[in-house]
There are 2 protein chains.
Amino acid sequence: MNDFAVSADKTHLKPYAALQSQFSRLHHLEGGQGILHWDAATMMPKGGSDSRTEQLAVLAVLYHEILTSPAIGAQIEAAKAQKADLRALDQVNLMEMERLYRHATAVPGRLVEALSKAGSKCEHIWREARPESDFAKVLPAFQELLSLTQEMAQAKSEALGLSPYDALMDQFDPGARTAMIDPIFAELEAFLPDFIQKTLEAQAQWGALPAVAGPFPIEQQKTLAETMMGVLGFEFDHGRLDVSAHPFCGGTARDVRITTRYDRTDYESALMGVLHETGHALYEMGLPEASLTQPIGKPRGMAVHESQSLLMEMQVCRSQPFLQWALPTLKKAFPALENDPAWTAENLYRRAIRVERGFIRVDADEVTYPAHIILRYRLERQLLEGRLDPQDLPSAWNAAMQDLLGVTPPNDRLGCLQDIHWYDGAFGYFPSYTIGAMIAAQLFAAAQKADAAIAPGIGQGDLLPLRQWLRQNIHDKGSSLSLQELLVAATGEGLNPKIFMAHLQNRYLP
Amino acid sequence: MNDFAVSADKTHLKPYAALQSQFSRLHHLEGGQGILHWDAATMMPKGGSDSRTEQLAVLAVLYHEILTSPAIGAQIEAAKAQKADLRALDQVNLMEMERLYRHATAVPGRLVEALSKAGSKCEHIWREARPESDFAKVLPAFQELLSLTQEMAQAKSEALGLSPYDALMDQFDPGARTAMIDPIFAELEAFLPDFIQKTLEAQAQWGALPAVAGPFPIEQQKTLAETMMGVLGFEFDHGRLDVSAHPFCGGTARDVRITTRYDRTDYESALMGVLHETGHALYEMGLPEASLTQPIGKPRGMAVHESQSLLMEMQVCRSQPFLQWALPTLKKAFPALENDPAWTAENLYRRAIRVERGFIRVDADEVTYPAHIILRYRLERQLLEGRLDPQDLPSAWNAAMQDLLGVTPPNDRLGCLQDIHWYDGAFGYFPSYTIGAMIAAQLFAAAQKADAAIAPGIGQGDLLPLRQWLRQNIHDKGSSLSLQELLVAATGEGLNPKIFMAHLQNRYLP
């Protein structure tokens, strides 16, 4: 609670200092929640589930009570009145505080509680409905949740002066607006179908891409994963790697917990997952130490967060130079398999960049992934704006898949039931993935231009130059700049989707 | 927060129902703290320490703020005014609420904070001073902490109408009083020196007790530990076993986390430690489901808690019938060592009950252990009451060791610096250990009388009859009875130290 790094001079800035203290408290509360969530996914025995749900609910309510307390509102007004006395960074911090406060107070407590309950209920039913491919089973709970989400979006819309959908996106990516995304997604949509077709035709020339024949013992996979995390710069003094059903990056900035899941017959998927989560972890580990507890010290949003994981996974680790360098390390990780003829640099690289028209987003390659996102972006706006009746979701989904990817899911498990997001009440999140992919390409191109040591480093397993550039230009900025400001400062221009498309062109149709 | 199991009828009992809701909130906050403490000791990377300290501090402050809020005080008064309308159990719950409230409000916030800081500081210095055996190093911080502890004891004394030392004991063991402990400890003190001497003489006849020659691989030790936990009745759906520097039982009732530490050269110490912690865990797992979130659903105090671990470890697992039954399981756990001649039932039992005049409490056997406690009880009262100057602690300690155990520690690391308690501000805790040992003996004797299946069950590795008796008579009672009421209900009489002494006599000088 003695964490006032943003401004040391408190005597003349009482309301602002009081706010810093409260937001520091919220930060640590959030850190505790992060570890408890991680524990629930990795360590907790099954029978601890009910009490954990209650513990997290109590912490969430306390968080909300502190953030929405009238004292905070009054302190924000008072601090704004003295804004001229604050340093520039403190002024930005104050703006971020206000943004968080306005988001939190926009929704009445009754609605927060109703949403939380409806979300838990719908998610619970979805967990049964998905394997059974039974959309009708989850439909009533989903309709109820959607209706409450619409109510929340409306409330936030009014409080923030944004459209309802923009107000939801703003929770995950401050400043993200449909006005920015629509033309970008339109450009991608015009580009992708033809590009996917041509890429598939080109890759058809490759013939078979044999997998190294396993098994790949879990312990050996874990050692390999930790070795490669070290290569990327993961600080094991400030984090760890564990196993969970769904891989994630959690915990808190000075104690980052990433997870994966291992498959004894396939080492590639766990390894690439770990490298992806390591990208997330490096962002957390590089956040500005001096303002970690303040809003300004947080990650800029989900799109930037995703850009850091995709930069590491897609731009760096699936590149030919990196994989060529990594090959001996991979072979050494599985001593019993070292004579497998599938261990060639060319095969390794081609397997890493295979493109397929698949049904499942989380299994998608970087070429088809944006199509999965555009579909969801379209449909969730229609749902939220009442232009798509939830009961028509399966047919709308399948039609859009045919339209965008040229395939039709044989059932809803492989279709509109595959992702947790909507059934958990998260609308407005999906665009982050593809905006993140575009940011990753743009940052990586700029980084290589800015420091000539980066590209050769990657071919030698030396990621320090890249990491230093990311730390200085992205991680250490926290939330002190808007997304567009961050991009302009780091790359000389705002978000430019052409760089992502150029990356695809260079890699897939050189 | 919908946890009103103690009383379903809320309409006429508004203040009481509101209290139940707040105490449920405190319960879940405590559960979260429990898991975060466990994580810090078992999983957390080193660099997460600072942020964890802050997280726990924020949760502790929130806990204290909720418990001491004026609203709670007013609700307690209002509920007491309507007390006659409450069921008997609810009335007890209300009394427990008031006890917790009075303890928490007795100490001004300023003093709580000063104590917390002085405790952290002193503990930190103690961690350096202990290995260096340098009492002078920790003395100034210890003096400061002691002085604040005296202030707190005085404040609690006035608020609770107890002597300062009783007020401190009451935090750990509600109802524990020096008036009860003094004559019991006097009786023990008269009994022990001669008894220890005779036991040592008897055991000297045994000759060498060879240890099974290791090494004992950690994985095999862990499998054995989990097997034996299962025998005792540990529910793995509601708990787990991990490794930490100092073994403990933590987490929360439906998610109990116990720890141990393994030594490749000695399986006995980790195993006995696990069985001890399993006794603690069974108490938590057996607390009354319907009132888990309420004060009445908590363990009765540290002495009863310790009685449950000592009952399992000392009364059951170090007994001849149990060890005889366990021998084949132990041998099977270490297949490479099965032909070691030290694997005999007699050797196993004798090694489990060896008595030694040692310097270190945590390594002490059950015969000399009470002497270690009586020493600490005497000295901490003298310190608290200003009758012993902290700077004279080392010489007072060594004199008391000579007096009670006939040995003099060669240095303060093996003397007054060995335990964390005082250097962490915990005064009034030590008596719980020996009261717990006496309760264990008394409960075990009563249980065997009450159910004739218990004793033969132990010789067959069947602990279900014992566990059922403990569940019904101790665990499921939570805090609904005082310690003395609990003992009377379970054994027909209040605390009777003669049963413990009879146990020692039967085992060591039969």
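This structure is a prediction, so every number in the text was calculated from the model and none was measured. (Residues numbered from 1 in each chain as written. Chains lettered and ligands numbered in written order. Predicted model: local features only at pLDDT ≥ 70, side-chain atom pairs only at ≥ 80, totals over all residues. Heavy atoms only, no water.)

## Observations regarding the overall build of chain A
Condition: Helix and strand assignments follow DSSP, with helices taken as H or I runs no shorter than four residues and strands as E runs no shorter than two, numbered in order from the N terminus. Between the two quantities, the radius of gyration covers C-alpha atoms and the globule rule is 2.2 Å times the number of residues to the power 0.38. Only protein chains enter the accessibility calculation, which uses a 1.4 Å probe; a residue whose area is less than 20% of its type maximum is buried, one above 50% is exposed, and one in between is partly exposed. Contacts are assigned to residue pairs that have any heavy atoms within 4.5 Å of one another. Residue burial considers only the protein chains on display, and all accessible areas are found by Shrake-Rupley using a 1.4 Å probe. Only four residue types enter the tally: Lys and Arg on the positive side, Asp and Glu on the negative side, with His and both chain ends excluded. One atom stands in for each charge, and that atom is NZ of Lys, CZ of Arg, CG of Asp or CD of Glu.
When helices and strands are counted, chain A shows 20 helices and three strands. Whereas a compact globule of 510 residues would reach a radius of gyration of roughly 24 Å, chain A reaches 23 Å, a difference of no more than 12%. C-alpha atoms of chain A, sized along the principal axes, occupy 70 × 50 × 50 Å. Sorting the 510 residues of chain A into buried and exposed places 57% on the buried side. Counted over contacts in chain A with a minimum sequence separation of 6, partners at least 24 positions apart contribute 72%. Summing over all exposed atoms, chain A offers an accessible surface of approximately 20,200 Å²; the carbon and sulfur share of this is 53%. Across chain A, the mean location of the 46 positive side-chain charges is 2 Å away from that of the 62 negative side-chain charges.

## A few points about the domain arrangement of chain A
Residues and elements named next belong to chain A. Stated precisely, the cut-off is as follows: Domain start and stop positions are those given by an automatic or database domain assignment. Here the quantity called buried area is the accessible surface, traced with a 1.4 Å probe, that two parts lose on coming together, added over both. By definition here, a salt bridge exists when the distance from a side-chain nitrogen of Lys or Arg to a carboxyl oxygen of Asp or Glu is within 4 Å. In protein, a polar contact means a hydrogen-donor-capable atom and an acceptor-capable atom, both N or O and within 3.5 Å, with residues adjacent in sequence counting only if both atoms are side-chain atoms; elsewhere, any N or O pair within 3.5 Å suffices. For this classification, Asp, Glu, Lys and Arg are treated as charged, while Ala, Val, Leu, Ile, Met, Phe, Trp, Tyr, Cys and Pro are nonpolar and the rest, including Gly, are polar.
Segmentation of chain A into domains returns domain 1 (14-162) and domain 2 (218-336 + 434-495). The straight-line distance from the C-alpha centre of domain 1 to that of domain 2 is 27 Å. Taken together, the 21 residues of domain 1 in the interface contact 20 residues of domain 2. Carbon and sulfur atoms supply 60% of the area buried between domain 1 and domain 2, which totals about 1,600 Å² over both sides. On inspection of domain 1 and its partner domain 2, the count reaches two salt bridges. The shortest N-O distance in the salt bridge between Arg300 and Glu96 comes to 3.2 Å. Viewed at the interface, domain 2 and domain 1 are joined by seven residue pairs in polar contact (both at pLDDT 80 or more). Broken down by secondary-structure element, the contributors of at least two residues to the side of domain 1 that touches domain 2 are helix H1 (14-42) and helix H4 (88-106). The element contributing the most residues to the side of domain 1 that touches domain 2 is H1, with 12 residues. Per-class residue counts for the side of domain 1 that touches domain 2 are nine nonpolar, eight polar and four charged.

## Focus: the sheet that holds strand E2 (residues 249-252) of chain B
All names here are of chain B. Let me state the cut-off plainly: Being paired, for any two strands, means DSSP has found at least two bridges between them. For helices, the fitted axis covers only the stretch in contact; all axes are lines through C-alpha atoms, and the angles between them, taken along N-to-C directions, range from 0 to 180 degrees.
Strands sit in the order E1-E3-E2 across an open sheet of three strands; the sheet is mixed. Whereas interior strands pair on both sides, the edge strands pair on one side only; in this sheet they are strand E1 (239-243) and E2. Shown here is a sheet whose adjacent strand axes are inclined to one another by a mean of 25 degrees, direction ignored. Inspection of the sheet shows E1 paired to strand E3 (residues 255-260) by five bridges, in the parallel sense. Paired with Arg240 across the bridge in E3 is Arg257. Relative to E3, helix H10 (residues 267-285) is tilted by about 165 degrees, and along the sheet it contacts E1, E2 and E3.

## Focus on the relation of the copies chain B and chain A
The test is simple: For the least-squares superposition of copies, only C-alpha atoms count, and only for residues with pLDDT at least 70 in both.
Superposing chain B onto chain A takes a rotation of 180 degrees combined with a translation of 0.0 Å along the rotation axis, leaving an RMSD of 0.0 Å. Classification of the inter-copy transformation places it as that of a two-fold axis. Relative to the rotation axis, the closest C-alpha in chain B is found at Leu36 of chain B, a distance of 3.6 Å. By residue overlap, the copies meet face to face through one surface: 100% of the interface positions of chain B are interface positions in chain A.

## Some words on the side chain of Thr259 of chain A
All names here are of chain A. Within the fold, Thr259 resides in strand E3 (residues 255-260). Here Thr259 falls in the buried class, since its relative accessible area comes to 0%. Among the polar contacts listed, one links the side chain of Thr259 to the side chain of Ser244, at a separation of 2.8 Å. In terms of polar contacts, Thr259 uses its side chain to reach the backbone amide nitrogen of Phe248, at 2.9 Å. Not counting residues within four places of it along the chain, the set of residues in contact with Thr259 comprises Trp38, Thr42, Leu241, Asp242, Val243, Ser244, His246, Pro247, Phe248 and Glu277.

## Notes on the nonpolar core
Put simply, the test is: Nonpolar cores were defined as sets of buried Ala, Val, Leu, Ile, Met, Phe, Trp, Tyr and Cys residues, with membership established by side-chain atoms within 4.5 Å.
Within the largest apolar cluster, 126 residues are counted, with the highest numbers of intra-cluster contacts made by Phe185, Phe322, Leu393, Tyr423 and Leu466 of chain A. Residue contributions to this core peak at 11 residues, all from helix H16 (residues 431-450) of chain A. Two domains each provide a minimum of three residues to this core, namely domain 1 (14-162) and domain 2 (218-336 + 434-495) of chain A. Look past the residues within four positions of Phe185 of chain A in its chain and what remains in contact with it is Ile373, Ile374, Tyr377, Pro431, Thr434, Ile435 and Met438 of chain A. One finds Leu148, Trp343, Tyr423 and Tyr429 of chain B within the second-largest nonpolar core, a separate group that totals 122 residues.

## Examining the sheet that holds strand E1 (residues 239-243) of chain A
In sheet architecture, strand pairing relies on hydrogen bonds along the backbone and comes in two forms, parallel and antiparallel. Residue and element names in this part refer to chain A. The strand order E1-E3-E2 describes an open sheet built from three strands, whose pairing is mixed. Each edge of the open sheet is held by one strand with a lone partner, namely E1 and strand E2 (249-252). Direction aside, the axes of adjacent strands within the sheet are offset by 25 degrees on average.

## Examining the environment of Val256 of chain B
Residues and elements named next belong to chain B. Within the secondary structure, Val256 sits in strand E3. Separated by 14 residues in the primary sequence, Val256 and Ala270 have C-alpha atoms spaced 18 Å apart. When sequence neighbours within four positions are dropped, the list of residues in contact with Val256 reads Phe234, His238, Gly239, Arg240, Cys249, Gly250, Ala281, Glu284 and Met285.

## Brief notes about the interface of chain B and chain A
In this complex, chain B contributes 36 residues to the contact, which on the side of chain A involves 36 residues. For the chain B and chain A pair, buried surface summed over both sides reaches about 2,900 Å², with 60% attributable to carbon and sulfur atoms. For the pair chain B and chain A, the interface holds six salt bridges. Of the charged contacts, one joins Glu65 of chain A and Arg25 of chain B as a salt bridge, the two residues approaching to 2.8 Å between their closest N and O atoms. Taken together, the links from chain B to chain A amount to 12 residue pairs in polar contact (both at pLDDT 80 or more). Counting residues per element, the ones that place at least two in the side of chain B that touches chain A are helix H1 (14-42), helix H2 (49-67), E1 and E3 of chain B. With 10 residues, the single largest contributor to the side of chain B that touches chain A is H2 of chain B. Grouping the amino acids of the side of chain B that touches chain A by side-chain chemistry returns 14 nonpolar, 11 polar and 11 charged.

## Quick word on the pairing of E3 of chain A
Residues and elements named next belong to chain A. A large share of E3 lies buried, amounting to six of its six residues. Residues Asp255, Arg257 and Thr259 point to one face of E3 and Val256, Ile258 and Thr260 to the other, with burial holding for every one of them. Connecting E2 to the next strand, E3, in antiparallel fashion are two residues.

## Some remarks on unusual backbone geometry
The step from Gly214 of chain A to Pro215 of chain A runs through a cis peptide bond, and the omega angle for that step is 0 degrees. Counting through the fold element by element, Pro215 of chain A comes out in the loop between helix H8 (178-204) and helix H9 (218-232).

## What about the pattern of salt bridges?
Oppositely charged side chains may form a pair once their charged atoms are brought near each other. Throughout the structure, instances matching the rule amount to 70 salt bridges over all chains. Two residues, Asp194 of chain A and Lys198 of chain A, come together in a salt bridge whose shortest N-O distance is 3.1 Å. Note that Asp194 of chain A and Lys198 of chain A are positioned in helix H8 at a spacing of four residues, about one turn of the helix. For Asp194 of chain A, a relative accessible area of 43% corresponds to the partly exposed category. Residues Glu235 of chain B and Arg471 of chain B are paired through a salt bridge, measuring 3.3 Å at the closest nitrogen-oxygen approach. Of the two residues, Glu235 of chain B is situated in the loop between helix H9 (218-232) and E1 and Arg471 of chain B in helix H18 (residues 464-473); the sequence distance between them amounts to 236 residues. Since its relative accessible area comes to 26%, Arg471 of chain B is described here as partly exposed.

## Here we look at the pairing of E3 of chain B
Strand direction decides the pairing type here: E2 of chain B and E3 of chain B, joined by four bridges, are antiparallel. Among the inter-strand pairings, Cys249 of chain B is bridged to a residue of E3 of chain B, identified as Ile258 of chain B.

## Focus on the packing of aromatic side chains
We count it as follows: The criterion for an aromatic pair is that two Phe, Tyr or Trp rings (for Trp, the six-membered ring) have centres within 6.5 Å, with stacked assigned to planes under 30 degrees apart, edge-to-face to planes over 60 apart and tilted to the rest.
Taken as a whole and assessed by the stated rule, the structure comprises 38 aromatic pairs over all chains. Where Trp397 of chain A meets Trp422 of chain A, the ring centres are 6.0 Å apart and the plane angle is 80 degrees; that geometry is what we call edge-to-face. In this pair, Trp397 of chain A sits in helix H15 (residues 393-405) while Trp422 of chain A sits in the loop between H15 and H16, placing the two residues 25 residues apart along the sequence. Judged by its relative accessible area of 2%, Trp397 of chain A falls in the buried class. Considering the side-chain rings of Tyr267 of chain B and Phe334 of chain B, the 5.5 Å spacing of their centres and the 55 degrees angle between planes classify their relative orientation as tilted.

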